[in-house]
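Structural characterization, general
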Amino acid sequence: LNRTNNLHVVVALNSAALNGAKTQAQQVANINNIVSDYEKYGLTIGTDVDIVVIGYGAGARWLLTDTSFDTFFGTDAATVEANVALPVITSLITKGVKFFACQNTMINTKIPGTTTNIKTTDLTPEVNMVPAGVTALLDFQYLRYQYIAP
């Protein structure tokens, strides 16, 4: 690595796709790989590398608590379907990665058969909000963040 500090990265989290084994959200796994790679080189997330993740569209689901994930996206009423990405998201937050949820997505995502949309209390703690995910990506790029769409 030529640069060992003052790196700024913004990542789009906009897909509901799972990895091949169907055990992890593919984009979340990619973000975790980015963090692991920088850590291998001795860089500290939040100090040497600032990583911001913007969840919007289908990818915003990975920012929900287990209970809310099941409420909005569960397919079997008899089984609680946990958010498979939540343990990695929580770990990334602990390491200093910042997560933001798109308010447009929150407003437009409804519990099936209702008019109830995602609320702030449905989000994983430490996840903040931006008015619009795509606009936030542009704003962070204007602030010289490198854009990644894994």
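Please refer to the structure placed before this passage.
Here's a quick rundown of the structure. Quick caveat: nothing in here was measured; it's all calculated off a predicted structure.

The phi dihedral of Glu126 falls on the positive side, at around 80 degrees, and the residue is not glycine. Within the element layout of this structure, Glu126 appears in the loop between α4 (103-108) and β4 (128-130). Its identity as a non-glycine residue notwithstanding, Arg144 has a phi of 75 degrees, on the positive side. Examined against the element boundaries, Arg144 turns out to sit in the loop between α5 (133-142) and β5 (146-148).

Applying the stated criterion across every chain yields a total of three salt bridges. We note a salt bridge from Lys40 to Asp37, for which the minimum N-O separation is 3.6 Å. Of this pair, Lys40 and Asp37 both sit in helix α1 (residues 26-40), three residues apart, which is roughly one turn of the helix. On the basis of relative accessible area, Lys40 is assigned to the exposed category, the value being 68%. For Asp37, a relative accessible area of 32% gives the class partly exposed. Linking Lys98 and Asp50 is a salt bridge whose minimum nitrogen-to-oxygen distance equals 2.6 Å. Within this pair, whereas Lys98 is found in strand β3 (residues 98-102), its partner Asp50 is found in strand β2 (residues 49-55), the two being separated by 48 residues in sequence.

Moving on, we get to the side chain of Asp50. For Asp50, a relative accessible area of 12% puts it in the buried group. A distance of 2.3 Å separates the side chain of Asp50 from the side chain of Tyr145, its partner in a polar contact. Residues contacting Asp50, with those up to four places away along its chain left out, are Leu7, His8, Val9, Lys98 and Tyr145.

This next bit is on the packing of aromatic side chains. Tallied over the entire structure, the rule returns five aromatic pairs. Ring plane angle 45 degrees and centroid distance 5.7 Å describe the contact between Phe69 and Phe73, whose orientation is recorded as tilted. Taken together, the residues Phe69 and Phe73, both in helix α2 (residues 66-73) and four residues apart, mark about one turn of the helix. Where Phe72 meets Phe73, the ring centres are 6.4 Å apart and the plane angle is 45 degrees; that geometry is what we call tilted. Through a chain of ring-to-ring contacts, the aromatic side chains of Trp62, Phe69, Phe72 and Phe73 assemble into a single cluster.

What counts, and where the lines are drawn
- Residues numbered from 1 in each chain as written.
- Predicted model: local features only at pLDDT ≥ 70, side-chain atom pairs only at ≥ 80, totals over all residues.
- Heavy atoms only, no water.
- Helix = DSSP H or I, 4+ residues; strand = E, 2+ residues; numbered from the N terminus.
- Salt bridge = Lys/Arg side-chain N within 4 Å of Asp/Glu carboxyl O.
- Buried < 20%, exposed > 50% of the residue type's maximum accessible area, 1.4 Å probe, protein only.
- Polar contact = N/O pair within 3.5 Å; in protein donor to acceptor, adjacent residues only side chain to side chain.
- Contact = heavy atoms within 4.5 Å.
- Phe/Tyr/Trp six-rings, centres within 6.5 Å; stacked < 30°, edge-to-face > 60°.

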